[in-house]
Amino acid sequence: MDESPKENPLRFLVTGSVYNVRVETIEDPPMREIRYLDKLIDELTKGRPMENILHSENPA
């Protein structure tokens with residue numbers, strides 16, 4: 001039985017810089033996944049809501 005958390009399917013919508021590297025330009029898949037988490041943690045500690053961090057695909 002797999003009880004581990006699943007990856008957020010919208011994680012690819014996370015954009016911005018972590019350690020002066022644009023998350024969306026990282027080509028190595030494992031490193032990109034790590035940087036997604038780094039960016040999420042960084043933004044959450046700044047008090048930003050998850051909805052603002054995971055930008056919508058079709059902004060209004």
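Above: the structure in question.
In this report, we go over the structure that sits alongside the text. A quick note: this is a predicted structure, and the numbers were derived from the prediction, not measured.

This brings us to the environment of Glu 43. As for its placement among the helices and strands, Glu 43 is situated in helix 1 (residues 29-45). Here the alpha-carbon distance between Glu 43 and Ile 53, two residues 10 residues apart in the chain, equals 7.0 Å. Residues in contact with Glu 43, not counting those within four places in the same chain, are Arg 48 and Ile 53.

Bringing helix 1 into the picture now. Its 17 residues give helix 1 an end-to-end C-alpha distance of 24 Å, which sits within 8% of 24 Å, the value for a rise of 1.5 Å per residue. Within helix 1, the full set of buried residues consists of Tyr 36, Lys 39, Leu 40 and Glu 43. The buried residues of helix 1 occupy an angular sector of 100° when the element is viewed end-on, so they sit on one face. Turned more than 90 degrees away from the buried face of helix 1 sit Pro 30, Leu 37, Ile 41 and Thr 45, all of them exposed. If you follow the buried residues of helix 1, they end up packed against strand 1 (17-18) and helix 2 (50-53). Just downstream of helix 1, Gly 47 is the residue with a positive phi angle, here 90°.

Parameters and conventions
- Residues numbered from 1 in each chain as written.
- Predicted model: local features only at pLDDT ≥ 70, side-chain atom pairs only at ≥ 80, totals over all residues.
- Heavy atoms only, no water.
- Helix = DSSP H or I, 4+ residues; strand = E, 2+ residues; numbered from the N terminus.
- Contact = heavy atoms within 4.5 Å.
- Expected span 1.5 Å × (residues − 1).
- Buried < 20%, exposed > 50% of the residue type's maximum accessible area, 1.4 Å probe, protein only.
- Arc of directions from axis to C-beta.

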